[in-house]
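# A closer look at the structure
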Amino acid sequence: MSALLWEVCQQPVQVGSQELQEALLNRIVCLPNHVSNKLEGKNPPVFFPQNYFPFLGGTIIQVLQKISDSLREEILGILVPSLMEFTKSDCIWQRICWRLVEYVPDRWMEAVVLGFVQQTPGADVLSRLLGNLVVKNMKAQFVVTQKMLLLQYGHTTAVLQNLLGYLALDSLRRALLIKALQELLETWSSSSAVRHSPPEQQQYISKAILICLSHLKETEIESCRQELLTSMMEGVKCHLDSSLPQIRHLGMIVAESISAKINTDGPVLKFQYEENDEARELKSLLVQTPPFCAVSSLACDDRNEKADSALPVVLESSDKSHAAAPVMLDEEQNTELDSDDDLIPYDMSEDKEVKIKAPVYIRDCIEVLTGCEDMDKWEATVKALESLVRKNPEATREVSVELAKILLHLEEKTYIEGFVELRQRAQVAVLTTDPIPVAKYLTSQFYSLNYSLHQRMDILDVLVLSAQELSYPKSHWKTKHSGAPKPCIQLPHGSDSSKDWRRIVDERIKNKTRRFATGQSQVELASGPNEFNSVAGHFFFPLIQHFDRPLTTFDLLGEDHFVLGRLVHALAVLMYLAVNTVAVAAMGKALLEFVWALRFHTDSYVRQGLLCCISSLLFSVPAECLLEDMTEELLETQSWLGDVVEKDPDGDCRRLALQNLLFMENLKKKLQAAPS
């Protein structure tokens with residue numbers, strides 16, 4: 001609809017177009033009636049009058065916004081390039097341009113300033129066109145230092161560089177640059193802003209901070225060093241507390257950049273994170289790029305040349321680093337000369353690697369893992385434990401809880417490649433071999449004292465992986481290794497007729513067979529009993545019952561919200577795997593109460609997990625049980641999902657909420673269409 005209206009608006013006025021527009025207008029307004037007549041009353045909900053006309057109103061607003069943007073681009077697309085050319089070498093034209101923008105009415109100032117910033121190729125050109133407009137006009141100052149930096153986040157990096165570079169090119173405007181940096185840092189270090197702002201806005205603010213830092217001089221850094229340090233400490237804490245990796249990476253990069261600026265001589269902050277394209281782009285903003293156009297050398301624009309005084313400092317520092325390079329090379333050569341090259345190496349050509357035999361009994365493995373000092377034997381035991389547990393289920397059940405306890409507290413005594421995975425697979429093997437007692441032990445330890453957050457998350461991972469293995473049939477594991485020959489008819493050797501009788505019969509059958517369609521042959525899927533059916537409650541209910549009880553070292557509803565997010569996602573997976581089990585209805589009701597208690601959580605990762613729980617619940621619990629036992633709860637949940645779609649700042653949360661609403665609508669249609 002929006003594309004149709006926009007195409008009509010773009011067409012030039014011609015003879016007879018008035019009749020066409022009236023006919024089109026009539027069709028658009030009466031479209032619900034026409035659709036209803038064609039479908040004989042089976043109208044889709046979108047064409048109901050209460051839904052169609054609000055949709056039409058929103059479409060009209062979108063088209064009017066396109067028209068406004070198009071007209072602005074057409075006007076400024078001609079005006080700005082001409083002014084850029086005229087002001088390049090004429091001081092009079094610069095004065096005319098400054099006076100022109102100064103007398104723009106306040107209600108149009110934002111559109112004019114934004115158009116100039118977007119159309120100009122560099123900060124020096126923007127400074128030539130606007131002059132000190134932000135100093136003289138308070139509306140322009142608000143747009144540049146507040147609205148475009150703190151209230152909007154859809155502008156490109158080039159627009160940010162133009163905007164902040166414009167503030168840095170004149171001594172009268174540099175005070176506004178420092179003020180903008182302080183307000184950006186205040187927002188960046190606010191825990192409330194980190195929790196409630198979308199990741200795109202936080203990335204935008206981080207880019208603005210880094211560009212501001214690139215324009216600061218040494219004297220300016222010295223004057224606000226303590227303020228920068230305070231903001232850095234508060235901001236990095238807020239970002240590292242976030243459950244989203246992207247937000248944590250932003251906090252690390254900005255904190256490193258601030259630390260490098262304020263501690264030029266001393267130690268600086270250094271974090272470990274993945275050097276991806278986003279990180280490299282952010283770090284590149286700390287280095288000022290040369291201007292696109294040369295700055296005018298006229299007397300009325302001499303103040304812009306002050307900004308170039310900072311460039312030789314960078315060149316000098318780079319020269320110093322190159323000058324120091326030969327000294328380092330000389331020191332390395334001296335150390336190489338002092339090495340012990342004259343010593344004769346020991347002959348190890350005939351040495352043979354001694355293979356340590358792993359234990360063959362479960363109890364021997366327990367003794368090795370708890371008290372053995374032989375590291376080679378300990379390593380062999382860790383590598384062989386999973387297969388040993390799966391081969392000896394009866395022996396494992398006798399010591400399953402003890403073995404699970406040992407593996408939960410097992411630490412890496414010596415380096416083993418893939419140690420974490422080996423330990424986790426052994427834990428999964430123990431839990432799937434003896435599910436009920438081991439699940440009771442692990443779920444009880446999740447809420448116990450004296451466990452690290454990493455151990456608690458390990459428990460969640462082991463429970464989820466074990467539930468996944470138990471819920472899948474095991475017959476396909478056996479068929480992979482089965483080498484039994486298939487039964488077949490043996491033909492006597494030496495018979496001449498036996499060589500081509502099968503071919504003759506196949507050809508006759510093929511010639512006399514009529515095929516209407518051909519398709520891929522269906523592969524018979526592996527089937528078997530769902531072992532998770534009888535133990536699903538032991539995995540699920542102990543995890544959900546103590547989440548609101550804070551401990552001395554563990555508070556899910558407080559600062560340990562990252563573990564809460566992992567718990568919520570684990571419960572969603574367990575609910576999904578419990579489909580067609582006996583306890584699925586009770587699990588669904590308990591999970592819905594759990595979601596309802598945490599629906600307003602401030603952390604977006606937790607809210608995403610809660611919405612995943614709703615999806616798993618709608619998928620796993622039979623629709624009849626949902627309507628009979630949870631009707632009121634579902635209506636309240638539907639209202640909450642609508643609020644999330646409209647108001648949640650996180651894009652993933654909005655998408656998941658919309659998917660759940662569509663899922664609920666489809667379930668409702670299926671129940672209405674089903675025969676009673």
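All values reported here derive from a predicted model rather than from experimental measurement. (Residues numbered from 1 in each chain as written. Predicted model: local features only at pLDDT ≥ 70, side-chain atom pairs only at ≥ 80, totals over all residues. Heavy atoms only, no water.)

## A short note on the overall build of the chain
- Regarding its fold elements, the chain presents 34 helices and zero strands.
- Looking at the chain as a whole, 39% of its 676 residues are labelled buried.
- Across the chain, contacts joining residues at least 24 apart in sequence account for 74% of those joining residues at least 6 apart.
- Total accessible area computed for the chain in this model is approximately 40,600 Å², and 56% of it derives from carbon and sulfur atoms. (Helix = DSSP H or I, 4+ residues; strand = E, 2+ residues; numbered from the N terminus. Buried < 20%, exposed > 50% of the residue type's maximum accessible area, 1.4 Å probe, protein only. Contact = heavy atoms within 4.5 Å. Areas by Shrake-Rupley, 256 points an atom, 1.4 Å probe, with all protein chains shown as cover.)

## Observations concerning the nonpolar core
- Within the largest apolar cluster, 90 residues are counted, with the highest numbers of intra-cluster contacts made by Phe 446, Phe 532, Phe 539, Leu 567 and Leu 591.
- Considering every element that reaches this core, the biggest residue donor is helix α29 (residues 561–577), with ten residues.
- Setting aside residues up to four positions removed in sequence, Phe 532 forms contacts with Ala 467, Leu 470, Ser 471, Phe 539, Leu 574, Leu 577 and Ala 578.
- If you look at the next biggest cluster of nonpolar residues, it comprises 65 residues, including Val 144, Leu 167, Leu 216 and Ile 253. (Core = buried A, V, L, I, M, F, W, Y, C linked by side-chain atoms within 4.5 Å.)

## Re the pattern of salt bridges
- Applying the stated rule across the entire model yields 20 salt bridges.
- Among the ionic pairs, Arg 174 bridges to Glu 220, the shortest N-O distance being 2.8 Å. Within this pair, whereas Arg 174 is found in helix α11 (residues 171–188), its partner Glu 220 is found in helix α14 (residues 218–223), the two being separated by 46 residues in sequence.
- Since its relative accessible area comes to 9%, Arg 174 is described here as buried. (Salt bridge = Lys/Arg side-chain N within 4 Å of Asp/Glu carboxyl O.)

## With respect to the environment of Ile 262
- On the secondary structure map, Ile 262 appears in helix α16 (residues 245–262).
- Along the sequence, Ile 262 and Glu 222 sit 40 residues apart, while their C-alpha atoms lie 7.7 Å from each other.
- Beyond its immediate chain neighbours, meaning those up to four positions away, Ile 262 contacts Ile 221, Arg 225, Leu 228 and Leu 229.

## A look at the packing of helix α9 (residues 138–151) against helix α10 (residues 157–168)
- With their axes 11 Å apart at the nearest point, α9 and α10 run at an angle of 155° to one another. By the criterion of interaxial angle, the relationship of α9 to α10 is roughly antiparallel. Every pair of crossing elements has a handedness; the one defined by α9 and α10 is left-handed. Packed against α9, whose contacting residues are Val 144, Thr 145, Met 148 and Leu 149, the element α10 presents Val 159, Leu 160, Leu 163, Leu 164 and Leu 167 at the interface.
- Taken together, the residues of the contact of α9 with α10 sort by class into eight nonpolar, one polar and no charged. (Axes fitted to C-alpha atoms, helices over the stretch in contact; angles between N-to-C directions. Parallel < 35°, antiparallel > 145°, perpendicular 65-115°, else oblique. Left-handed = near helix turned anticlockwise from the far one by under 90°. Nonpolar A, V, L, I, M, F, W, Y, C, P; charged D, E, K, R; others polar.)

## Thoughts on α16
- The first and last C-alpha atoms of α16 sit 26 Å apart over 18 residues, in line with the 26 Å expected at 1.5 Å per residue.
- Contacts made by the buried residues of α16 are with α11, α12 (191–196), α13 (199–215), α14, α15 (225–240) and α17 (277–284). (Expected span 1.5 Å × (residues − 1).)

## Observations regarding the packing of aromatic side chains
- Across all of its chains, the model carries nine aromatic pairs by this definition.
- With a centroid separation of 5.8 Å and 90° between ring planes, the pair formed by Phe 446 and Phe 554 is classed as edge-to-face. Of the two residues, Phe 446 is situated in helix α24 (residues 435–446) and Phe 554 in the loop between α28 (536–544) and α29; the sequence distance between them amounts to 108 residues. Across the pair, Phe 554 and Phe 446 agree in class, each one buried. (Phe/Tyr/Trp six-rings, centres within 6.5 Å; stacked < 30°, edge-to-face > 60°.)

## Observations concerning unusual backbone geometry
- At Asn 450, a residue that is not glycine, the phi angle is positive and equals roughly 60°.
- Among the structural elements, Asn 450 can be located in the loop between α24 and α25 (453–471).
- What makes Asn 450 exposed here is its relative accessible area of 72%.
- In the Ramachandran plot, Asn 580 falls in the positive-phi region, its phi being about 70° despite a non-glycine side chain.
- Owing to a relative accessible area of 72%, Asn 580 belongs among the exposed residues under this scheme.

## With respect to the environment of Pro 32
- By the element assignment, Pro 32 lies in helix α3 (residues 31–39).
- The spacing of Pro 32 and Pro 44 is twelve residues in sequence and 9.4 Å in space, taken between C-alpha atoms.
- For Pro 32, the contacting residues outside a window of four places in its chain are Asn 43, Phe 47 and Tyr 52.

## Here we look at helix α31 (residues 604–620)
- Helix length check: α31, at 17 residues, gives a terminal C-alpha distance of 24 Å against a target of 24 Å (1.5 Å per residue), a fit within 8%.
- Counting buried positions over the 17 residues of α31 gives 14, a clear majority of the element.
- The opening residue of α31 is Asp 603, an N-cap whose side-chain oxygen sits 2.9 Å from the backbone nitrogen of Tyr 605. (Polar contact = N/O pair within 3.5 Å; in protein donor to acceptor, adjacent residues only side chain to side chain.)

## Digging into the packing of helix α7 (residues 123–130) against α10
- It is at 8 Å that the axes of α7 and α10 come closest, and there the two elements cross at 60°. When the interaxial angle is binned, α7 and α10 end up oblique. At the point where α7 passes α10, the crossing takes the right-handed sense. Each of Ala 123, Leu 126, Ser 127 and Leu 130 in α7 lies in contact with α10, whose residues at this interface are Gln 161, Asn 162, Gly 165 and Tyr 166.
- For the contact of α7 with α10, a count of residues per class yields four nonpolar, four polar and no charged.

## Observations regarding the environment of Asp 434
- Relative to the assigned elements, Asp 434 resides in the loop between α23 (419–433) and α24.
- Spatially, the C-alpha atom of Asp 434 lies 8.0 Å from that of Pro 393, the residues being 41 residues apart in sequence.
- In this view, Asp 434 contacts Arg 397 and Ser 400; residues no more than four positions away in its chain are not counted.
- Only 2.7 Å separates the side chain of Asp 434 from the side chain of Ser 400, close enough to count as a polar contact.

## Describing empty space enclosed by the protein
- Applying the stated criterion across every chain yields a total of four cavities of 30 Å³ or more.
- One number sums up the size of the largest cavity: a volume of about 60 Å³.
- Taken together, Thr 187, Trp 188, Ala 193, Val 194, Ser 197, Gln 201, Gln 202, Ile 205, Ser 206 and His 239 make up the full set of residues lining the largest cavity. (1 Å grid on protein atoms, 1.4 Å probe; cavity = no way out; pocket = protein on both sides within 12 Å on 5 of 7 lines; lining within 4 Å. Points joined across faces, edges and corners; volume = space filled by probe spheres on them.)

## Some points on a nonpolar patch on the surface
- A cluster of nonpolar residues, Leu 25, Val 29 and Phe 53, forms a patch on the protein surface that exposes about 270 Å² of accessible area.
- Considering the arrangement of structural elements, one finds Leu 25 in helix α2 (residues 17–29). (Patch = residues over 30% accessible without salt bridge, like charges linked within 9 Å, V, L, I, M, F, W, Y side chains within 5 Å.)

## Re the confidence of the model for the chain
- For the chain, mean pLDDT is 79; residues scoring 70 or higher make up 79% of the total.
- Every residue in residues 291–337 scores below 50 in pLDDT, and together they form 40 contacts with partners more than four places removed in sequence or on other chains.
- The low-confidence segment residues 476–499, where pLDDT is below 50, has four contacts with residues more than four positions distant or belonging to other chains. (pLDDT = per-residue confidence, 0-100.)

## Regarding the side chain of His 239
- By secondary structure assignment, the location of His 239 is in helix α15.
- Overall, the relative accessible area of 2% leaves His 239 in the buried class.
- Within the local environment of His 239, its side chain forms a polar contact with the side chain of Trp 188, the two groups lying 3.2 Å apart.
- Those residues in contact with His 239, other than ones at most four positions away along the chain, are Trp 188, Val 194, Gln 202, Ile 247, Arg 248 and Gly 251.

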